[in-house]
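Notes for the structure review
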Amino acid sequence: MTRYKITAPRLLNSVVSLPASKSISNRALIIYALSGGHLLPHNLSDCDDTEVILDALRYMPTEINIKAAGTAMRFMTAYLSVMRGTRVITGTERMKHRPIRILVDALRELGADIEYAGQEGYPPLRITGRSLNGGTLEIEGSVSSQYISALLMIGPVLEKGLELRLTGEIISKPYIDLTLWMMREFGADADWTAGDTITVNPKPYQNREYFIENDWSGASYWYEMVALANNRDTEVRLSGLMDGSKQGDSIVRYIFSLLGVKTVFETKDTNKPQMVTLKRNGRCVPRLEYDFVNAPDLAQTIVATCIAKEIPFHFKGLATLKIKETDRIEALKREMRKLGYVLEDRNDSELLWNGERCQPSMEAGIDTYEDHRMALAFAPLALKFGSLIINNPQVVSKSYPTFWEGLQEAGYEIEELND
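Residues numbered from 1 in each chain as written. Predicted model: local features only at pLDDT ≥ 70, side-chain atom pairs only at ≥ 80, totals over all residues. Heavy atoms only, no water.

**Some thoughts on the pattern of salt bridges**
One pass over the full model with this rule turns up 25 salt bridges. The partner of Arg 253 in a salt bridge is Asp 243, and the shortest N-O contact between them spans 2.6 Å. A residue pair is termed long-range when its members are at least 10 positions apart, and Arg 253 in helix H8 (residues 252-257) and Asp 243 in the loop between strand E11 (235-241) and H8 qualify at 10 residues. Measuring nitrogen to oxygen at the nearest pair gives 3.7 Å for the salt bridge that ties Asp 348 to Lys 322. Remark: Lys 322 occurs in the loop between strand E15 (313-316) and helix H10 (328-339) and Asp 348 occurs in the loop between strand E16 (344-346) and strand E17 (350-353); sequence separation between them is 26 residues. Residue Asp 348 is classed as partly exposed on the basis of its relative accessible area of 44%. (Salt bridge = Lys/Arg side-chain N within 4 Å of Asp/Glu carboxyl O. Helix = DSSP H or I, 4+ residues; strand = E, 2+ residues; numbered from the N terminus. Buried < 20%, exposed > 50% of the residue type's maximum accessible area, 1.4 Å probe, protein only.)

Here's what the structure looks like:
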């Protein structure tokens, strides 16, 4: 097992090259492939999740292994349903226990030929692609937005297009809006036509040059570091972000304004990728209550920040954390105990901390559970504790391959420990 000992610098003052957005890259690749063109997007993410989609589209083998990439599993399942040929799509052991029945049932209703090649309701899948009629489809709005985005992106190539009606509570809506915005960027006719209905007309995509913004999710870990730094001269500059970003996780700048971080954009052009400066403003709320239903990937970062700043919290909208790369609610509870903090969960969708402490036991290090966001969210806590051990740190390659190099450039010491 690889282990890193992370030691924080005395002063945090750095310019950071963020990775390209994984969410935008993955959508752009599927849309690019459906457009039938030959132009690849500029500034494509080099993370594992994007690489598996890129490799699958380039080589289209009879068996596609998307490893631990949940986005790739959902998006490629829909894509393969409308592409000629029979292929099996599979992944890691964890992926084989992540449910996909809702998406498979929806695609079958549209006429897709999909069989379970293992356990019913879970990957691997055997998919025989063909032309699909499309039409009207109903799906729960409370399911993963990746299911909804996967269906929407194939809408323009369906013979009758797609009318998608979402029932019940609609979660992660910013991710759905991001998908629709990108589809329109490539010439699709797709939009909300009612509060619960999205209509995609059968208008083909147009291949075009496209530049991908950098990743607001990746920016969140630097926000965490600025929030935890004690020096008033702390300053971090982040490249390639947009003030008018369509990324759902751009809400991070609002959340961290409540936790002591000020965001300054280089220019007033909201649609231009630019340099963003993070500074301490020294003002924090005494308690934080927040519903993460539209930004669940930020939850671990905000939990870690509040714990380190000893800000009690009550977070809701975390139901999807149970079916991510790991059960993130349980993982947070277990690892925070190592640091001496006792979290409470409720209804499989809420996390609370009211100041309860326990005896810390940090020697074994923070386990990452094959979950990139566990490593990314916990590493900045070295600023709180002086140093911290992260087990299996290589998991960051799933979304932020250059994270450890970025920390070193910012003055962190990273020592690989030998067991």
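**Brief notes about helix H7 (residues 216-228)**
Its 13 residues place the ends of H7 19 Å apart at the C-alpha level, agreeing with the 18 Å of an ideal helix rising 1.5 Å per residue. In terms of burial, H7 is a largely internal element, 13 of the 13 residues being buried. Where H7 begins, one side-chain oxygen reaches toward the backbone nitrogen of Ser 217, 3.3 Å away; that side chain belongs to Asp 215. (Expected span 1.5 Å × (residues − 1). Polar contact = N/O pair within 3.5 Å; in protein donor to acceptor, adjacent residues only side chain to side chain.)

**With respect to unusual backbone geometry**
Look at the link from Pro 123 to Pro 124: it is a cis peptide, with omega at 5°. Mapped onto the elements, Pro 124 comes out in the loop between strand E5 (113-116) and strand E6 (125-129). Of note in this structure, Asn 43 is not a glycine but carries a positive phi near 60°. In this fold, Asn 43 is placed in the loop between helix H1 (22-35) and helix H2 (48-59). We classify Asn 43 as partly exposed; its relative accessible area is 30%. Despite not being glycine, Met 60 shows a phi value in the positive range, around 40°. Inspection of the secondary structure assignment puts Met 60 in the loop between H2 and strand E3 (63-65).

**Observations concerning the packing of aromatic side chains**
All chains considered together, the criterion is met by 11 aromatic pairs. Look at Phe 186 and Tyr 210: their rings are 5.1 Å apart centre to centre, the planes differ by 40°, and that puts the pair in the tilted class. Within this pair, whereas Phe 186 is found in the loop between helix H6 (173-185) and strand E9 (190-194), its partner Tyr 210 is found in the loop between strand E10 (197-200) and H7, the two being separated by 24 residues in sequence. Comparing Phe 186 with Tyr 210, the two get one shared label, buried. (Phe/Tyr/Trp six-rings, centres within 6.5 Å; stacked < 30°, edge-to-face > 60°.)

**Some points on the sheet that holds strand E12 (residues 259-265)**
The pairing of strands in a sheet comes from backbone hydrogen bonds and takes either a parallel or an antiparallel form. Pairing within the open sheet is mixed, and its 4 strands lie in the order E2-E11-E13-E12. Because the sheet does not close on itself, it has two edges, and the strands there are strand E2 (13-16) and E12. Going from strand to strand, the sheet's axes swing by 25° on average, the running direction of each strand aside. Of the pairings in the sheet, the one linking E2 to E11 comprises 4 bridges and is parallel in character. From the neighbouring strand, Val 15 faces E11, where its bridge partner is Arg 237. Strand contacts of H7: E2, E11, E12 and strand E13 (274-284), with the helix running at about 170° to E11, the strand carrying the most contacts. (Pairing = 2+ DSSP bridges. Axes fitted to C-alpha atoms, helices over the stretch in contact; angles between N-to-C directions. Contact = heavy atoms within 4.5 Å.)

**Some thoughts on the side chain of Ser 45**
On the secondary structure map, Ser 45 appears in the loop between H1 and H2. When its relative accessible area of 4% is taken as the criterion, Ser 45 is described as buried. Polar side-chain contacts of Ser 45 include one of 3.2 Å to the backbone nitrogen of Cys 47. Excluding residues within four positions of it along the chain, Ser 45 makes contact with Ala 20, Ser 21, Lys 22, Ser 25, Thr 50 and Glu 51.

Geometry only, nothing functional implied.
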